[in-house]
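Given next are the chains, with one letter for each unit.
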Amino acid sequence: MKKFLFWSGVAILAITSCAKDQTTEVNNGHAIGFRAGAGTKATELYTYQLSSFYCTAVDASNANYFTNVGFARSGEYFASSPAYYWPADGTTLKFWAYSPSDATLGVDVSINATEQFLKGFKPAQKFEDQVDFIAAKAEGSKSNEASGVELRFDHELAQVSFHAMNQNSEYVYKVYGLRIANPLTNATYNFEDKTWSFDPTNVEKDAYSTLLETPVTLMSYYDELTRKMVSTDTGNEYVYNTAMIIPQTLTAWDPTTDPTNSAKGAYISLAVQITSKGGDRIFPAESVGEYDWVAAPVGNELKAGYEHRFYLDFTKGAGLVDPEIGASGTGSALGENIKFTVTVNAWSEPSTSATLTKQLEGDWLAKKVVRQWIYPEDWDESVDGYKNSEVVITSEA
């Protein structure tokens, strides 16, 4: 499914309807309404993409005024069925809202006066199947009847994008897929304090990935691998296929002490094919296939509401073979660089009685001390033809 990433333009959203269904005394004036927008940390939300959200209200007696009611867009407004109106006595209602639905998220939502939790959340394994979970809370009373209650949504997941480049003109890198391995999953979200928690007695980790529709050839500058250009009714635009991860601090894979990653440390990997500029296959071996996965450990903190950009520079190498799904063995993807061990032999030592002579035309001889450089200016230029004479080095015992 296409994933929408929501952004911070504050818009006016109203919830209106024409019926009532509640158990406390109500005022049949304006229906409960919200001025909705996104939190300040949001970077990717457009209000027009928000088609619905779900809301629970608790009244002053700590009873649920309504529970998990859906509000759907109707033109420029959001309407619920049935409608709900403000309590006539002016008491305060507390609201908790979220999107998308609990069914889409695959979770249990429990909101009342004593707890406000979303339980059992696990991001989908494919980037393209993941969703942007947003949530908000607010309070209001009959005094907000005309203006509506400001309901500000925040992104409650961490967004991950991949960027890569190659400035080594001798090699061509093509990227076929992206992966982030071993973040914690299966978490509980607290609507009241806007935090996530994991059950320490039941630790679960997962891997999230996507295969690109068209392989991307790396350029000499960082290119975002999680976006593509698509054609729409209004022209071409970018669609972003980023990962959505539960906020947490990753525990990095240690390839030195645990090369096979038995401890399930976190890392990112890319499916790549590497060739020489002349077209020779460098990685993987053709017997492996079109591509194989190369990895790099990551131990970053992933914060809710932030885009976390991983920049990978392939100029000086290709990282390590993915320890879990790589098919090219273990260790460095490219092996060791081509290198030489160089030894320069020392100058040979002549016998102690040897001298070097320089013989020019006319049988003119001159002796020099062993190992002393001989320069033309040291010789008698009166020797006829000196400038054009052949120089012969002889050894005299």
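Residues numbered from 1 in each chain as written. Predicted model: local features only at pLDDT ≥ 70, side-chain atom pairs only at ≥ 80, totals over all residues. Heavy atoms only, no water.

**A look at the overall build of the protein**
And step 1. Looking only at helices and strands, the protein features one helix and 30 strands.
And step 2. Evaluated residue by residue, the protein yields a buried proportion of 42% over its 397 residues.
And step 3. The long-range fraction of contacts in the protein, counting pairs at least 24 apart against all pairs at least 6 apart in sequence, stands at 72%.
And step 4. A total of about 21,400 Å² of accessible surface is found on the protein, and carbon and sulfur atoms cover 49% of it. (Helix = DSSP H or I, 4+ residues; strand = E, 2+ residues; numbered from the N terminus. Buried < 20%, exposed > 50% of the residue type's maximum accessible area, 1.4 Å probe, protein only. Contact = heavy atoms within 4.5 Å. Areas by Shrake-Rupley, 256 points an atom, 1.4 Å probe, with all protein chains shown as cover.)

**Here's the deal with the packing of aromatic side chains**
And step 1. What the rule picks out here adds up to 22 aromatic pairs.
And step 2. With centroids separated by 6.4 Å and ring planes inclined at 35 degrees, the aromatic side chains of F66 and F95 adopt a geometry described as tilted. Taken together, the residues span a long stretch of sequence, with F66 in strand β4 (residues 64–74) and F95 in strand β7 (residues 93–99) at a distance of 29 residues.
And step 3. Residue classification places F66 among the buried residues on the basis of a relative accessible area of 4%. (Phe/Tyr/Trp six-rings, centres within 6.5 Å; stacked < 30°, edge-to-face > 60°.)

**Things to note about the side chain of T242**
And step 1. Relative to the helices and strands, T242 resides in the loop between β19 (235–240) and β20 (243–245).
And step 2. A polar side-chain atom of T242 sits 3.0 Å from a polar atom in the side chain of Q159. (Polar contact = N/O pair within 3.5 Å; in protein donor to acceptor, adjacent residues only side chain to side chain.)

**Concerning unusual backbone geometry**
And step 1. In this structure, the amide linkage connecting S81 to the following residue, P82, adopts the cis form with an omega of 5 degrees.
And step 2. Structurally, P82 can be placed in the loop between β5 (77–79) and β6 (85–87).
And step 3. Between S99 and the following residue, P100, the backbone shows a cis peptide bond with an omega angle of 0 degrees.
And step 4. Note that P100 resides in the loop between β7 and α1 (102–105).
And step 5. Phi at N261 is positive, roughly 60 degrees, even though this residue is not glycine.

**A short note on the nonpolar core**
And step 1. Counting 31 residues, the largest nonpolar core has F162, V175, L178, L225, L270, L312 and F314 as its most contacted members.
And step 2. Mapped onto this core, the elements with two or more residues apiece are β12 (158–165), β13 (171–185), β16 (204–217), β20, β22 (267–276) and β26 (307–313).
And step 3. What F314 contacts, discounting residues up to four positions off in sequence, is A164, M165, N166, Y173, L218, L270 and V294.
And step 4. F53, A57, Y65 and F71 belong to the second largest nonpolar core, which has 19 residues in total. (Core = buried A, V, L, I, M, F, W, Y, C linked by side-chain atoms within 4.5 Å.)

**As for the pairing of strand β10 (residues 134–140)**
And step 1. With five of seven residues buried, β10 is to be regarded as a mostly interior element.
And step 2. As paired elements, β7 and β10 share seven bridges and run antiparallel to each other. Residue pairing for β10: W96 is matched across the bridge by K137.
And step 3. Bridge analysis of β10 against strand β11 (residues 149–155) gives two bridges, and the strand direction is antiparallel. Its bridge partner being in β11, A135 is matched across the sheet by D154. (Pairing = 2+ DSSP bridges.)

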